[in-house]
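# What the coordinates show
Here are the chains, one letter per residue:
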Amino acid sequence: MSELKINKKLFQDRKRTNILSEPEQKLISYLVPRIPNWITSDGLTAIGFLGSLMILGSFILAEYVDIRYLLLGIPGFFVQWFGDSLDGRIAFYRNKSRRWYGFALDIVMDWISTVFIGLGYVLYTVGDYKYLGFSLVALYGWAMIISQLRYRITDKYTIDAGILGPTEIRVIISLVMLFEVLMPGSINWCVLVICIALFIINANDTRLLLKLGDEKDKEDKLKKQQEGDI
């Protein structure tokens, strides 16, 4: 993928810090011009939603039919990534961007996808481990709230927590599902580790967010004082 180039215009509305950002943006830059015209931005959103249904279905089938159906969740995550990553970029590329409509739809669909993953895990696992499904959804929701508040304070939209972003999370959970098929029961410990990591990341991001808020308050106060002196 080294010969591919990043179309920077497609990503000018957000800042990415995730570890896979460069190859991901190269792949998106390659795919966007090749999406057929009859596939709209909303159509890609629907494709992403289909991926979320595949993930939920993989957990249900694994519980009630055969554990190997968990592997269906791996292409489900790719389908989800494809729709979620390209719906907004295709709108930019075609000069049909609807900033606030797209932003609102993206947030709602991200939340629905997160709930589906947590619900799937709750339906699949047994005993007290089910609480981890609730924790996973709550912690990811916390991360989403942080990203929205950061956007409100800085007017710069970023969906990553350091080197981790939605793409990395998809890769990690896909690996967790693969390991579960190979080593049944491992998913519970993996989800526990993910929840602990998310809590640590969210706690640190909250600290940084509050620092940004404090700096913004001081900046606004100084601006009002300067306006008053004029």
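Residues numbered from 1 in each chain as written. Predicted model: local features only at pLDDT ≥ 70, side-chain atom pairs only at ≥ 80, totals over all residues. Heavy atoms only, no water.

## As for the overall build of the protein chain
Helix and strand counts for the protein chain stand at seven helices and zero strands. When the helices and strands of the protein chain are read in sequence order from the N terminus, they spell out α-α-α-α-α-α-α. Along the longest, intermediate and shortest principal axes, the C-alpha atoms of the protein chain span 75 × 45 × 30 Å. When burial is assessed residue by residue, the protein chain has 38% of its 230 residues classed as buried. Summed over all atoms, the accessible surface of the protein chain reaches about 13,500 Å², with 66% contributed by carbon and sulfur. (Helix = DSSP H or I, 4+ residues; strand = E, 2+ residues; numbered from the N terminus. Buried < 20%, exposed > 50% of the residue type's maximum accessible area, 1.4 Å probe, protein only. Areas by Shrake-Rupley, 256 points an atom, 1.4 Å probe, with all protein chains shown as cover.)

## Here we look at empty space enclosed by the protein
If a probe the size of a water molecule is rolled over the atoms, the empty space left behind becomes visible. Throughout the structure, instances matching the rule amount to two cavities of 30 Å³ or more. Here the largest cavity defines a volume of roughly 330 Å³. Taken together, 23 residues line the largest cavity, and the ones lying closest to its centre are Q80, D110, S113, T114 and Y140. Of all the secondary-structure elements, those providing two or more residues to the lining of the largest cavity are α2 (41–64), α3 (73–93), α4 (99–124), α5 (130–154), α6 (166–182) and α7 (186–229). For the lining of the largest cavity, the element with the highest residue contribution is α4, accounting for seven residues. Class assignment for the residues of the lining of the largest cavity results in twelve nonpolar, six polar and five charged. (1 Å grid on protein atoms, 1.4 Å probe; cavity = no way out; pocket = protein on both sides within 12 Å on 5 of 7 lines; lining within 4 Å. Points joined across faces, edges and corners; volume = space filled by probe spheres on them. Nonpolar A, V, L, I, M, F, W, Y, C, P; charged D, E, K, R; others polar.)

## With respect to the pattern of salt bridges
Pairing between side chains becomes possible if they bear opposite charge and their charged atoms approach one another. Using the criterion set out here, one finds seven salt bridges in the structure. Ionic pairing is found between K26 and E22, a salt bridge with its closest N-O pair at 3.4 Å. One end of the pair, K26, and the other, E22, are both in helix α1 (residues 21–31), four residues apart, so they sit about a helical turn from each other. Assessed through its relative accessible area of 14%, K26 is described here as buried. A residue is classified by how much of its surface remains accessible, and E22, at 45% relative accessible area, is partly exposed. (Salt bridge = Lys/Arg side-chain N within 4 Å of Asp/Glu carboxyl O.)

## So, the environment of L53
In this structure, L53 sits in helix α2. Residue classification places L53 among the partly exposed residues on the basis of a relative accessible area of 37%. Once the C-alpha coordinates of L53 and R207 are considered, the two residues, 154 residues apart in sequence, prove to be 35 Å apart.

## A word on unusual backbone geometry
Notably, N95 is not glycine yet its phi reads approximately 55 degrees, a positive angle. Looking at where N95 falls in the secondary structure, it is placed in the loop between α3 and α4.

## A closer look at the UniProt feature "transmembrane region" (unreviewed entry) in the protein chain
Within this structure's numbering, the places UniProt gives as "transmembrane region" (unreviewed entry) are residues 43–61, 103–123, 129–149 and 185–203. What you have in residues 43–61 is 100% helix and 0% strand, and the ends, taken at the C-alpha atoms, are 26 Å apart. The annotated region residues 103–123 carries 100% helix and 0% strand content, and the separation between its end C-alpha atoms amounts to 30 Å. (UniProt positions renumbered as here; feature names shortened; annotations may be inferred.)

## A short note on α5
With 25 residues, α5 should cover 36 Å at 1.5 Å per step; its first-to-last C-alpha distance of 37 Å lies within 8% of that length. Among the residues of α5, those classed as buried are L132, G133, L136, V137, L139, G141, M144, I146, S147, R150 and Y151. Looking one or two residues past α5, D155 carries a phi angle of roughly 65 degrees, positive in sign. (Expected span 1.5 Å × (residues − 1).)

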